[in-house]
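Structural characterization, general
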Amino acid sequence: MTDSAPIAFNMTFAERSEGSGPSPRDVVVPLPLFLNLTKAVAAGDETGAREFFERYADRLFRYMLVITRGDEHLSRDLLSNSMLKAIRAMRPMETDAHIWRWLTRIAWNNFIDHCRKTKRRLPTEELPESIPATHTDDTLALALNECVNELPLEEREILERYYFEDQSQSDVATATQLTRKAVESRLARIRRKLRAAILRKLS
Amino acid sequence: MNPKLLNDILRESDYAAFREQLLLRVQAEARKRRTRATQWIAAAACLTLFAGALYLNRTQPQTLPATAVAATKVGPRSLIPVLEPIPLKPSQLLQTHSAANIAFSTDRQRHPRAISDNELLALFPRTPVGIAATRSGSKRLIFAEPAHARFFMSSD
């Protein structure tokens, strides 16, 4: 341990994340950005399509993980179908909320179609509007919080220094008296462990 | 929630490779959409041009296309075959007269052959006809039907 301010290990993960800055949902972006983006994708612009993908693919994947109860393979299939359908049917939309609502509806309909084809039990929620846009992120945040709290102390320290204090791997290595390579491999192991734990919690 | 942490967690295993492949497919789909739009625009443009050409063709007056006139040099007269008319001989000329100048004369040197009464009657095989002798001694051919008389005989 260094002489810097001690890390408050007794605080929960959710409390530590509060006050760490505005959440992405609170960031105000200029309105024409989304309109221009959707217009570009509708016109078949590859750069626009890439931008759209980078903005929404991971978020949509998290959404799929929640509604499929952690079924990763199904989530990937649904994500592929939904993104391709979205590109084909893209039309100009002005706000992020409008785009997200439209995307989740496509994804939800794909999921319902899959349930009917495979005779899987239909989800209890009837419409994607009944699942607010923040619901999936909150569900994942809760699951992640619980999993992080279950980590051993040493692993939590490495995780928090790197992801919440924005320290580099070298700084983390110095603080924990490990080599940089060791920090890198431990971070990878911690992430794999958290991944499996989150998917278990969702199922 | 730290989005970077969540994304890094979810990108463990082969998700990164899957994500990269999906991005390529998304970009390919965008390209297809652009190609389809371009094809539609090109088809619409061709249709518009064709309709415009049809309209202009109908409204403009028909004019004969300018044709090039081929001008050729004509050689000397001696090299060109020329047809010259020649006068007819008097024996080749035909003199015509009006009908009043034409006279007919009987050639009495030729005697027509005489036929008997039976040979005369045989000339009308299916016609009721007879020969009557008059008081003056001449004979007359008589047709039973007036229509036959009008047909075979001249009215003089």
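Residues numbered from 1 in each chain as written. Chains lettered and ligands numbered in written order. Predicted model: local features only at pLDDT ≥ 70, side-chain atom pairs only at ≥ 80, totals over all residues. Heavy atoms only, no water.

Examining the overall build of chain B
Counting its secondary structure elements, chain B contains four helices and two strands. Taken from the N to the C terminus, the helices and strands of chain B come in the order α-α-α-β-β-α. Put simply, of all contacts in chain B between residues at least 6 apart along the chain, 5% involve residues at least 24 apart. Taken as a whole, chain B presents about 14,200 Å² of accessible surface, with 60% of it coming from carbon and sulfur. (Helix = DSSP H or I, 4+ residues; strand = E, 2+ residues; numbered from the N terminus. Contact = heavy atoms within 4.5 Å. Areas by Shrake-Rupley, 256 points an atom, 1.4 Å probe, with all protein chains shown as cover.)

A word on the interface of chain A and chain B
Each side of the interface is counted separately: chain A has 42 residues, and chain B has 27 residues. Summed over both partners, the interface of chain A with chain B buries about 3,500 Å², with 62% contributed by carbon and sulfur atoms. When the buried area of chain A at its contact with chain B is split by residue, Glu 46, Phe 53 and Arg 76 of chain A rank highest and sum to 19% of it. For the pair chain A and chain B, the interface holds seven salt bridges. Across the chain A-chain B interface, the total number found is 16 residue pairs in polar contact (both at pLDDT 80 or more). Contributing elements (two or more residues each) for the side of chain A that touches chain B: helix H1 (13-17), helix H2 (31-42), helix H3 (46-67), helix H4 (72-89), helix H6 (133-149), helix H7 (153-163) and helix H9 (180-202) of chain A. Per-element accounting of the side of chain A that touches chain B gives the leading share, ten residues, to H3 of chain A. Class assignment of the residues belonging to the side of chain A that touches chain B gives a composition of 26 nonpolar, three polar and 13 charged. (Buried area = accessible area lost by both parts, 1.4 Å probe. Salt bridge = Lys/Arg side-chain N within 4 Å of Asp/Glu carboxyl O. Polar contact = N/O pair within 3.5 Å; in protein donor to acceptor, adjacent residues only side chain to side chain. Nonpolar A, V, L, I, M, F, W, Y, C, P; charged D, E, K, R; others polar.)

Focus on the packing of aromatic side chains
Inspection of the entire model under this criterion finds ten aromatic pairs over all chains. Seen from their ring centres, Phe 124 of chain B and Phe 152 of chain B are 5.1 Å apart, and the 80° between their planes marks the pair as edge-to-face. Residue Phe 124 of chain B is found in the loop between helix H3 (117-122) and strand S1 (129-133), and its partner Phe 152 of chain B is found in helix H4 (residues 146-152); the two are separated by 28 residues along the sequence. The exposure class of Phe 124 of chain B is buried, given its relative accessible area of 13%. Of the residues examined, Phe 152 of chain B reaches a relative accessible area of 37% and is grouped as partly exposed. Positioned above the aromatic ring of Trp 100 of chain A, the side-chain terminus of Arg 59 of chain A is 4.2 Å from the ring centre. (Phe/Tyr/Trp six-rings, centres within 6.5 Å; stacked < 30°, edge-to-face > 60°. Buried < 20%, exposed > 50% of the residue type's maximum accessible area, 1.4 Å probe, protein only. Lys NZ or Arg CZ within 6 Å of the ring centre and 35° of its normal.)

Some remarks on helix H5 (residues 96-117) of chain A
Residue and element names in this part refer to chain A. Relative to the 32 Å expected for 22 residues at 1.5 Å per residue, H5 spans 32 Å between its end C-alpha atoms, a close match to the ideal helical length. Among the residues of H5, Ile 99, Trp 100, Trp 102, Leu 103, Thr 104, Ile 106, Ala 107, Trp 108, Asn 110, Phe 111, Ile 112 and Cys 115 are the ones counted as buried. Count one or two residues on from H5 and you reach Lys 119, which has phi positive near 55°. (Expected span 1.5 Å × (residues − 1).)

Remarks on H7 of chain A
Because an α-helix completes one turn every 3.6 residues, residues spaced three or four positions apart along the sequence face the same direction. In terms of residue burial, H7 of chain A counts as a mostly covered element, since eight of its eleven residues are buried. Looking at H7 of chain A, one finds that the buried residues are Glu 155, Arg 156, Glu 157, Ile 158, Leu 159, Glu 160, Arg 161 and Tyr 163 of chain A.

Some points on the pairing of S1 of chain B
Residues and elements named next belong to chain B. Pairing geometry for S1 and strand S2 (residues 139-143), over five bridges, is antiparallel. Within S2, the position partnered with Ala 133 by the bridge is Lys 139. Counting the residues in the hairpin turn of S1 and S2 gives five residues, including Gly 137, whose phi is positive at 100°. (Pairing = 2+ DSSP bridges.)

Here's the deal with the nonpolar core
All names here are of chain A. Of all hydrophobic cores here, the largest spans 64 residues; its most connected members are Phe 52, Leu 103, Leu 194 and Ile 198. Ranked by the residues each element gives to this core, the list is headed by H3, at twelve residues. Those residues within four positions of Phe 52 in sequence are excluded, and the remaining contacts are Leu 37, Val 41, Ala 57, Met 83, Ala 86, Ile 87, Met 90, Ile 99 and Leu 103. (Core = buried A, V, L, I, M, F, W, Y, C linked by side-chain atoms within 4.5 Å.)

Some details on the confidence of the model for chain B
All names here are of chain B. Mean pLDDT over chain B works out to 81, with 78% of the residues at or above the 70 mark. Within chain B, the lowest mean pLDDT, 84, falls on helix H1 (residues 3-10), and the highest, 92, falls on S1. Interface scoring of the predicted complex returns ipTM 0.72; its pTM is 0.57. (pLDDT = per-residue confidence, 0-100.)

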